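Each chain is listed here by its residues.
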Amino acid sequence: MQFGVFSVSDITRDPVSGETPSEAERIDAIVQIAEKAEEVGLDVFAIGEHHNPPFFSSAPTTLLAHIAARTKRLIVSTATTLITTNDPVRIAEEYAMLQHLAKGRMDLMLGRGNTAPVYPWFGADIRQSLPMALENYNLLHRLWREDVVDWEGKFRTPLQGFTSTPRPLDDLPPFVWHGSIRTPEIAEQAAFYGDGFFANNIFWPKEHYMRLIKFYRQRYAHYGHGTEKQAIVGLGGQAYIAKRSQDAIKEFRPYFNEAPVYGHGPKMEDFMEMTPLSVGSPQEVIDKTLTFREHFGDYQRQMFLMDHAGLPLKTVLNQLDLLGEEVVPVLRKEIEARQDPETAKPPTHAVRLKEKYGDQPARQPRPNANRGDNVTGGSPYQDSR
């Protein structure tokens with residue numbers, strides 16, 4: 001099972017010090033957080049995508065390529081890549097390039113985001129959000145699997161004889177998670193293609209996500225990708241850890257109370273009871289995280305939100321020390337002992353490469369010669385049909 005941290009890239013005032021970090025400070029900090037995640041033994045770092053203040057992550061692939069270059073083992077991913085307002089052609093190109101630069105240590109989560117004004121900023125209609133997400137992914141899925149694509153749809157100009165470059169590393173498309181907090185159509189889409197389903201269950205009660213994940217598992221099996229137990233599921237979570245639970249609650253309360261998303265709402269204790277938020281000692285975080293498996297079944301990836309609500313960098317790095325040294329090692333051991341043997345392995349590049357090619361060498365596309373007009377003709381690669 002994979003463990004990691006994700007960030008929504010918010011730039012939020014620290015309610016204790018009264019200071020608001022600059023964009024430059026937060027960008028520098030997020031790189032340090034990713035490097036720390038690898039240092040303490042975590043598997044994944046993911047960043048969201050936003051195009052408005054108070055967020056900074058408008059170019060996830062640029063940031064993730066930089067982090068991949070500064071790490072050796074860490075998988076870089078997204079906490080949302082906007083499948084609605086991004087052109088699927090550009091997603092295909094940019095994330096295939098990231099896959100090459102990261103030597104396969106990457107995947108991505110597709111979603112519609114939660115910022116309504118982004119749609120007109122990029123010439124899209126929010127009322128078409130769901131059909132746009134479905135159509136755009138249909139095209140993206142083909143672009144990574146077919147050397148030459150002819151395509152026509154409703155939301156972008158047609159493509160005739162188009163080849164997305166570079167081709168995916170080893171001719172193996174990046175693994176895709178479909179993220180959703182409420183939409184069964186997205187769970188259906190993930191199941192149809194045999195992709196992963198990520199339920200970012202950080203705000204809503206577990207019963208809602210139990211229904212959504214059960215539906216995804218049923219449809220995954222229906223489409224013949226494997227059994228319900230073999231479906232690929234990821235979960236979100238939030239944690240604030242201290243050696244003593246009373247210290248954790250005291251330290252985190254001012255950040256919870258002023259948090260942009262859930263501040264000035266329910267009491268922290270009520271929110272902890274209703275949602276996956278864990279505030280306490282390492283053992284309390286372990287105990288609560290282990291209940292996720294009881295509710296949702298065995299799953300492949302657990303992500304934690306650790307750097308939000310104005311928490312200063314020093315505090316976040318200390319949190320990662322506790323997470324990586326005292327929480328995750330115990331979770332790995334406990335989950336491995338309890339996991340059903342039928343559960344699928346995490347979808348790493350190496351695992352999927354073995355599934356596709358076995359012991360045979362992977363395909364390495366080599367273009368045909370430029371015929372003089374910067375194109376190679378109808379068969380762009382030497383082994384294309």
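For the structure, check the block above.
First, a word on what this report is: a plain description of the structure on this page. Only a predicted model underlies this, so the values are computations on that prediction, with no experimental measurement involved.

Calculation notes
Residues numbered from 1 in each chain as written. Predicted model: local features only at pLDDT ≥ 70, side-chain atom pairs only at ≥ 80, totals over all residues. Heavy atoms only, no water. Helix = DSSP H or I, 4+ residues; strand = E, 2+ residues; numbered from the N terminus. Rg over C-alpha atoms; globule rule 2.2 N^0.38 Å. Buried < 20%, exposed > 50% of the residue type's maximum accessible area, 1.4 Å probe, protein only. Contact = heavy atoms within 4.5 Å. Areas by Shrake-Rupley, 256 points an atom, 1.4 Å probe, with all protein chains shown as cover. Lys, Arg positive; Asp, Glu negative; His and termini not counted. Charge placed at Lys NZ, Arg CZ, Asp CG, Glu CD. Arc of directions from axis to C-beta. Pairing = 2+ DSSP bridges. Axes fitted to C-alpha atoms, helices over the stretch in contact; angles between N-to-C directions. Core = buried A, V, L, I, M, F, W, Y, C linked by side-chain atoms within 4.5 Å.

The helix and strand inventory of the protein chain stands at twelve helices and 13 strands. In terms of C-alpha radius of gyration, the protein chain reaches 21 Å, essentially the compact-globule figure of 21 Å for 385 residues. Across its three principal axes, the protein chain shows a C-alpha extent of roughly 70 × 45 × 40 Å. Looking at the protein chain as a whole, 53% of its 385 residues are labelled buried. Contacts in the protein chain between residues at least 24 apart in sequence constitute 70% of all its contacts with a sequence separation of at least 6. A total of about 17500 Å² of accessible surface is found on the protein chain, and carbon and sulfur atoms cover 52% of it. Seen as two clouds, the 43 positive and the 50 negative side-chain charges of the protein chain have centres 3 Å apart.

Attention shifts here to helix H2 (residues 60-70). For H2, the complete set of buried residues consists of Pro60, Thr61, Leu63, Leu64, Ile67 and Ala68. Around the axis of H2, the buried residues are gathered within 160° of arc, so they sit on the same side. Turned more than 90 degrees from where H2 packs its buried face, Thr62 and Ala69 sit exposed. Buried residues in H2 make contact with helix H1 (23-39), strand S2 (44-47), strand S3 (75-78) and helix H3 (88-101).

Turning to the environment of Pro380, a few remarks are in order. In this structure, Pro380 sits in the segment after helix H12 (349-357). C-alpha separation for the pair Pro380 and Thr163, spaced 217 residues apart in sequence, amounts to 7.7 Å. Excluding its chain neighbours within four sequence positions, the residues that come into contact with Pro380 are Asp147, Val148, Thr163, Arg366, Pro367 and Asn368.

Along the chain, the position of Leu134 falls in helix H5 (residues 129-143). The class for Leu134 is partly exposed, based on a relative accessible area of 33%. Taking the C-alpha atoms as reference, Leu134 lies 8.7 Å from Glu185; in sequence the two are 51 residues apart. Non-local contacts of Leu134, meaning those with residues more than four positions away in its chain, are made with Glu185 and Gln189.

Taken in spatial order, the nine strands make up an open sheet running S3-S2-S1-S13-S10-S9-S8-S5-S4, and their pairing is parallel. With partners counted over all chains shown, the strands left at the sheet margins are S3 and strand S4 (81-82), one partner each. Pairing geometry for strand S8 (residues 176-180) and strand S9 (residues 196-199), over four bridges, is parallel. Across the sheet, His178 pairs through a bridge with Phe197, a residue of S9. Each of S2 and S3 is contacted by H2, which is oriented at about 170° to S3, the strand it contacts most. Against the sheet, helix H7 (residues 206-222) engages S8, S9 and strand S10 (233-235), with an angle of about 180° to S9.

Judged by nonpolar contacts, the single largest core of 72 residues is most densely connected at Val5, Leu42, Phe45, Phe252, Leu320 and Leu323. Of the residues forming this core, the biggest block, nine residues, is contributed by helix H11 (residues 313-338). Setting aside residues no more than four positions away along its own chain, Leu320 makes contact with Val5, Ile33, Lys36, Ala37, Val40, Leu42 and Met306. The next biggest cluster of nonpolar side chains, apart from the first, holds 28 residues, and it includes Ile75, Tyr220, Ala231 and Leu235.

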